Amino acid sequence: MTTTTPGQRFRDAVANAKPLQIVGTINAYFALMAERTGHQALYLSGAGVANASYGLPDLGMTSMNDVIIDAGRITSATALPLLVDIDTGWGGAFNIARTIREFEKVGVAAVHMEDQVAQKRCGHRPNKAVVSIDEMCDRIKAAVDARTDPSFVIMARTDAVAVEGLEAGIKRAQAYLEAGADMIFAEALTELEHYRQFKAAVNAPILANMTEFGKTELFHKDELFEAGADMVLYPLGAFRAANAAALKVFEAMKNDGHQRSQVDAMQTRTELYDFLNYHSYEDKLDTLFTQDK
Ligand SMILES: C[C@](O)(C(=O)O)[C@H](CC(=O)O)C(=O)O
Ligand SMILES: [Mg+2]
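In the nomenclature of an unreviewed UniProt entry, the protein chain corresponds to 2-methylisocitrate lyase from the organism Ferrimonas lipolytica. Per UniProt, the protein chain carries the Pathway (unreviewed entry) text "Organic acid metabolism; propanoate degradation." Looking at the protein chain in UniProt, the text filed under Cofactor (unreviewed entry) is "Mg(2+)".

As structure tokens, then:
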């Protein structure tokens, strides 16, 4: 077992990977698959929790406790550092302080908090509204003040580029770093060049969000790194793919009366057990409880 803190492992991963790919895992089993694939950092998406765990849209309807439950399930299953989407922090200074302490407690490495109003939307949807710079800086100060582990990462996300333009977004990022944020999530940029401009103006690691069907083209990680992104986020790619596969299975069962056409696309029992280390658990049972006869 490693002795460094989750936050430090996240910081080290950001410093060493060029860039760090952070993959969205909507549940503990997805986290195991991502870990086995060789990924170095995981993500719990706010939209993912709302959609997958509650069947709700990503419109600020889930609470801190809803997200903590899913985050704790993932940190229990893997040692990889986990970045969690805490939306707007769920309230005023005291709520945000509680949020930080609770996420630290369940072994989360990093959180990102955004400058949208509480009635938030997906970052890639129209008609977003942002709070004032001062209000967001207060959110950040409350978060930084509340952490007990100085390595715990507080990432400030700005949604302002889509609302106020690139320059305003960059100004906000600078102010958020002044207020104590460790890293910047530059949401919904439309040009590779915009990452370059963020990087030139902002002295901190920058995250690029490669969410599908959004405002940002799905750039290659190398071109993003070259443009100044230190982290590349894939929040919901595996979730979207799994959803499409699941729908085909439900349709086949309904329309064909069996699922045989879909079996080739399924992960096998052997593969499932392999990711779960199933046989090592069985062996444990055998050594613990089998009596010599
Ligand atoms: C990153 C994000 O905040 C999320 O909750 O995963 C979303 C992703 C999405 O809706 O595609 C966002 O970018 O707002
Ligand atoms: Mg989100």
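> An account of the pattern of salt bridges is requested, with residue identities and associated values reported.
Two side chains carrying opposite charge are able to pair once their charged atoms lie near each other. For the coordinates displayed, the defined rule picks out 20 salt bridges. A salt bridge links D70 to R73; the nearest nitrogen and oxygen atoms lie 3.7 Å apart. Remark: R73 and D70 occur in helix α4 (residues 64-77); sequence separation between them is 3 residues, near one turn of the helix. You can call D70 buried: its relative accessible area is 7%. Look at R73 and you get exposed, because its relative accessible area is 54%. Put simply, D222 and K221 hold a salt bridge, and the shortest N to O gap is 3.6 Å. Since its relative accessible area comes to 43%, D222 is described here as partly exposed. The partly exposed category is assigned to K221, whose relative accessible area is 29%. Salt bridges sharing common partners tie together D58, D87, E114, K120, K128, R157, D159 and E187.

About the thresholds
- Residues numbered from 1 in each chain as written.
- Chains lettered and ligands numbered in written order.
- Predicted model: local features only at pLDDT ≥ 70, side-chain atom pairs only at ≥ 80, totals over all residues.
- Heavy atoms only, no water.
- UniProt positions renumbered as here; feature names shortened; annotations may be inferred.
- Salt bridge = Lys/Arg side-chain N within 4 Å of Asp/Glu carboxyl O.
- Helix = DSSP H or I, 4+ residues; strand = E, 2+ residues; numbered from the N terminus.
- Buried < 20%, exposed > 50% of the residue type's maximum accessible area, 1.4 Å probe, protein only.

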